[in-house]
Amino acid sequence: VQLQASGGGLVQPGGSLRLSCAASGNIFSINAMGWYRQAPGKERELVATMTSAGTTNYADSVKGRFTVSRDNAKNTVFLQMNSLKADDTAVYYCRLHWVAGYDFVYWGQGTLVTVSS
């Protein structure tokens, strides 16, 4: 299984970006896809996830600003980020997870989001 993320970049405070992550390979249909981020000097943290059934989970810090969505047919997850703040600056990683006897967890390569004027 491979995950390919894209969409990062430099944006001014208050701006928007949209991240995409496409998964390929032998993927269990019941799964959760989502985004985590890691800022310099900090631990990786949850941003938002969405299950294949449509259940979402957001970090408190992004609620009301970020929206996670997915295209199950294409095994792709998106993150629409609005009203970006400097504190959102981080490397964003997509993650795919399912349970089939064992926990299967896959990570994308990370895409850098920089919020700066």
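Scroll up for the structure.
Just so it is clear, the model here is predicted, and its values are computed rather than measured. Within any chain, residue numbers begin from 1 and follow the written order of that chain's sequence. Where totals are concerned, whole chains, interfaces and linings use all residues; where local detail is concerned, this predicted model gives features only for residues with pLDDT of at least 70, and gives and counts side-chain atom pairs only at 80 or more. The basis for every side-chain value is the complete set of non-hydrogen atoms in the structure, without hydrogens or water.

Remarks on the packing of aromatic side chains
Our working rule: When the centres of two rings from Phe, Tyr and Trp lie within 6.5 Å, Trp using its six-membered ring, the rings pair. Their planes under 30 degrees apart give stacked, over 60 give edge-to-face, and anything left gives tilted. Under the scheme used here, helices are H or I runs from DSSP no shorter than 4 residues and strands are E runs no shorter than 2 residues, and both carry numbers assigned from the N terminus. We call a residue buried when its accessible area falls under 20% of the maximum for its residue type, exposed when it is over 50%, and partly exposed in between, using a 1.4 Å probe and counting protein chains only. Placement of a positive charge over a ring is assigned whenever Lys NZ or Arg CZ falls within 6 Å of the ring centre and within 35 degrees of the normal to the ring plane.
One pass over the full model with this rule turns up four aromatic pairs. Centroid distance Tyr36 to Trp107: 5.2 Å. Interplanar angle 75°. Geometry classified as edge-to-face. Highlighted residues: Tyr36 in strand β4 (residues 32–38) and Trp107 in strand β10 (residues 102–107), separated in sequence by 71 residues. On the basis of relative accessible area, Tyr36 is assigned to the buried category, the value being 17%. An aromatic cluster of at least three residues, connected via ring pairs, comprises Tyr36, Tyr93 and Trp107. Across from the ring centre of Trp107, 4.5 Å away, lies the NZ or CZ of Arg44, which sits over that ring.

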